[in-house]
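Residue strings, one per chain:
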Amino acid sequence: MTSSVLEPPVESSSKQPVTRGLVDIGAVSDFVSGQPTRVEVGGRGLVVVRKGDEFFALRDICPHQRAHLSAGTVSGTSLPCQVGAPVPWGREGEIVSCPWHGWEFDLRTGRSLADPRRVRVRRYPVRVADGRVWVDVRTRRPGVQEKQEVEIGCVV
Amino acid sequence: MDQPRAPEGLSLIDCDVHNYPSTVDELLPFLSARWQAYIEQSGFADPWISSYPKMFKAAARRDAWPPSGKSPEGDEPYARQRLLDEWSVDYAVLNPLYVVGNLHNLDFANALMRAVNDWTVAQWLDADPRWRASILVNEQDPAASAEEIRRCARDPRFVQVLLLVRSHAPFGRRQFHPLFAAARDAGLPIGIHFGGSGAPITPCGWPSYYLEDHTGMAQAFQTQVISLVCEGIFEHFPGTQVALVEGGFAWLPSLMWRLDKNYKGLRAEVPWLKKLPSEYILDGFRATTQPMEEPSNPKHLLDLFDMIGRDDFLMFATDYPHWDFDSPRDALPPIIDGGLKRRILVDNAWSFYDFERT
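Residues numbered from 1 in each chain as written. Chains lettered and ligands numbered in written order. Predicted model: local features only at pLDDT ≥ 70, side-chain atom pairs only at ≥ 80, totals over all residues. Heavy atoms only, no water.

A.B. asks: Explain the overall build of chain A here, please?
C.D. replies: On a plain count of helices and strands, chain A comes out with one helix and 11 strands. Starting at the N terminus, the α and β elements of chain A follow one another as β-β-β-β-β-β-β-β-β-β-β-α. Here the contacts in chain A between residues at least 6 apart in sequence split such that 48% fall between residues at least 24 apart. Carbon and sulfur atoms provide 52% of the accessible area of chain A, an area that totals close to 8100 Å². (Helix = DSSP H or I, 4+ residues; strand = E, 2+ residues; numbered from the N terminus. Contact = heavy atoms within 4.5 Å. Areas by Shrake-Rupley, 256 points an atom, 1.4 Å probe, with all protein chains shown as cover.)

A.B. asks: So what exactly am I meant to see when it comes to the overall build of chain B here?
C.D. replies: Along the backbone of chain B there are 12 helices and eight strands. Taken against the 2.2 N^0.38 rule, which gives 21 Å for 358 residues, the C-alpha radius of gyration of chain B at 20 Å falls within 12% of a compact globule. The principal-axis extent of the C-alpha atoms belonging to chain B is close to 55 × 45 × 45 Å. Relative to its 358 residues, chain B shows a buried fraction of 59%. Counting contacts in chain B only where the partners sit at least 6 residues apart, residues at least 24 apart contribute 81% of the total. Roughly 14900 Å² of accessible area belongs to chain B as shown, and the carbon and sulfur atoms make up 53% of that amount. One finds the centroid of the 34 positive side-chain charges in chain B at a distance of 4 Å from the centroid of its 48 negative side-chain charges. (Rg over C-alpha atoms; globule rule 2.2 N^0.38 Å. Buried < 20%, exposed > 50% of the residue type's maximum accessible area, 1.4 Å probe, protein only. Lys, Arg positive; Asp, Glu negative; His and termini not counted. Charge placed at Lys NZ, Arg CZ, Asp CG, Glu CD.)

A.B. asks: I keep staring at the packing of helix α9 (residues 252-266) of chain B against helix α11 (residues 299-308) of chain B and nothing clicks. Help me out?
C.D. replies: Angle between the axes and distance between the axes: these two values describe a pair of packed helices. All names here are of chain B. For the pair α9 and α11, the least separation of the axes is 9 Å and the interaxial angle reads 30 degrees. Considering how the two elements wind past one another, α9 and α11 form a crossing that is left-handed. For the pair α9 and α11, the contacting residues are Pro253, Met256 and Trp257 in the first and Leu304, Met307 and Ile308 in the second. (Axes fitted to C-alpha atoms, helices over the stretch in contact; angles between N-to-C directions. Left-handed = near helix turned anticlockwise from the far one by under 90°.)

A.B. asks: Explanation requested: the sheet that holds strand β5 (residues 54-59) of chain A in the structure shown.
C.D. replies: Sheet strands line up and pair through hydrogen bonds in the backbone, either parallel or antiparallel. Residues and elements named next belong to chain A. If you walk across this open sheet you meet the four strands as β3-β4-β5-β9, and the pairing is antiparallel. With partners counted over all chains shown, the strands left at the sheet margins are β3 (37-41) and β9 (123-124), one partner each. One ladder, built from five bridges, connects β3 with strand β4 (residues 44-51); its direction is antiparallel. By the bridge assignment, Val41 is partnered in β4 with Arg44. (Pairing = 2+ DSSP bridges.)

A.B. asks: For this particular structure, what's the right way to read the interface of chain A and chain B?
C.D. replies: One widely used convention gives an interface's size as the accessible area the parts lose upon coming together. Across the boundary between the two partners, chain A contributes 11 residues, which contact 17 residues of chain B. For the pair chain A and chain B, the interface holds one salt bridge. One salt bridge in this structure joins A:Arg66 and B:Asp330, with 2.9 Å as the shortest N-O distance. Of the residues in the side of chain A that touches chain B, the class split is five nonpolar, five polar and one charged. (Salt bridge = Lys/Arg side-chain N within 4 Å of Asp/Glu carboxyl O. Nonpolar A, V, L, I, M, F, W, Y, C, P; charged D, E, K, R; others polar.)

A.B. asks: It is not clear to me how the sheet that holds strand β8 (residues 314-315) of chain B should be interpreted in this structure. Could you clarify?
C.D. replies: Residues and elements named next belong to chain B. One open sheet accounts for eight strands, arranged β1-β2-β3-β4-β5-β6-β7-β8; its pairing is parallel. Each having just a single partner strand, β1 (13-17) and β8 make up the two edges of the open sheet. The pairing of strand β5 (residues 190-193) with strand β6 (residues 242-245) spans four bridges and is classified as parallel. If you follow Gly191 over to β6, its bridge partner there is Ala243. Sitting on the sheet, helix α4 (residues 142-152) is in contact with β3 (131-136) and β4 (158-164), with an inclination near 155 degrees to β3.

A.B. asks: Honestly, helix α5 (residues 177-186) of chain B in this entry has me stumped. Any pointers?
C.D. replies: An α-helix turns once per 3.6 residues; consequently, residues spaced three or four apart project the same way. Among the residues of α5(B), B:His177, B:Leu179, B:Phe180, B:Ala181, B:Ala182 and B:Ala183 are the ones counted as buried. Backbone geometry just after α5(B) places B:Gly187 at a positive phi near 70 degrees.

A.B. asks: Could you clarify how one ought to interpret the packing of aromatic side chains in this entry?
C.D. replies: In this description, an aromatic ring pair is defined by two values, namely the gap between the centres and the angle between the planes. Tallied over the entire structure, the rule returns 22 aromatic pairs over all chains. Between the aromatic rings of A:Trp100 and B:Phe325, the centroid separation amounts to 4.8 Å while the plane-to-plane angle is 70 degrees, which identifies the pairing as edge-to-face. Here A:Trp100, found in the loop between β7 (89-97) and β8 (104-106), pairs with B:Phe325, found in the loop between β8 and α12 (338-352), and the two come from separate chains. Neither residue differs from the other here; A:Trp100 and B:Phe325 are each classed as buried. Measuring from ring centre to ring centre gives 6.1 Å for B:Phe249 and B:Phe305, while their planes differ by 35 degrees; the resulting arrangement is tilted. You can see B:Phe249 sitting in the loop between β6 and α9 and its partner B:Phe305 sitting in helix α11, a full 56 residues away along the chain. Classification of B:Phe249 as buried rests on a relative accessible area of 0%. Aromatic ring contacts, followed pair by pair, group B:Tyr91, B:Trp350, B:Phe352, B:Tyr353 and B:Phe355 into a single cluster. Across from the ring centre of B:Phe56, 4.5 Å away, lies the NZ or CZ of B:Arg62, which sits over that ring. (Phe/Tyr/Trp six-rings, centres within 6.5 Å; stacked < 30°, edge-to-face > 60°. Lys NZ or Arg CZ within 6 Å of the ring centre and 35° of its normal.)

Written out as structure tokens, the structure reads:
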């Protein structure tokens, strides 16, 4: 279900109820782990990635030249290490790479791996409840995530 | 500096697009029985040698793979849709990076050279009027290259002669004269493009990573610029025009300063030169924009253009379908606007190439 620039986006669940800024984007079973999926929510394109029971959502625009991250790849990556030491491989399923120039983004934080201080993509909290996947498009600050979890009482 | 403006109706010229046979089978119809048998018996697949896996299969954008199953560079209808149509390109120059220069059997290399040019005509130029192409030549055989230039130049859709920047000797050396003579006689510019292989990219041996090999490509371009100037190619073949394709351009000012400085003391070594090296460089060369320089302060780009000193020097290119593709919408930062932007996107290429030659 990897989308490209020309493919129409997956229909947003505009017919689904919105609860306190959360938008239902589909059933958990609609998403395959490791496959980036473009979803339109509230006029924004998001790239949604499932990793087992977890979901990540970033804005589907690479800050470099605005390619769709959803047309890229999800994988692990080489982790920081010392020169000459064995290179650890990790973060499997947590890194999305842009299809054009390969810029890597951490799905947990939205930050680029090469220049985390200056380059990032907006991240949207995702909730799973009763087998449905909800994206919170209201919040703009990562710290809000925890508060809302308590508020809404979602469980995986 | 006065130069012809492109017709009003044009909005984008792409000076670097890549076509390449999906498999060697596509070239068989353009080869003799002898070479068809040779390819079948030897299992020859491709002349490309690389010691640096590219992290992108076929060096392509991950979203440029055609549904046909062909490679991104091998599917004309898909390239037409994803590049010419999607980005409203008026003309695109095809550069098939088929490195026949890697093959030391000159007869085989020359047969493939001709087959690739014939394949480009049949599969690309005949398919859509927006395509133009460079003539692939064999840098290891300048005489055969000259003959191929004469043959292909009869088709007005060939607008350039293609050389790959990594060569067995710098292109200014006298052995290459037949090639420059043929290009001059045909009225075609030379395009020197990123690529080729077989020798290290550096004068210090082989680096370890593709990142180094790719970044180091500027060294090869610098070598060729210095060689063409110092060996007097622009004196011996007046009117020669050379496009530096996919080499970057930020290194040009310092190269001009250094070469002029040294020339002032060492002129007696190259007495055929009658002007400063930088004058030959500014008159004889142009560069494509891709891969676009990305200084953290975009204003430095304008400073760079100022240091180069000509506003008709740069020509836009996407490098479709490669991974380092430059988007026509976003590769030029907003600080490049108005007349300068239009010159880069359209006018400069319109004046350098002859897209409507007869």
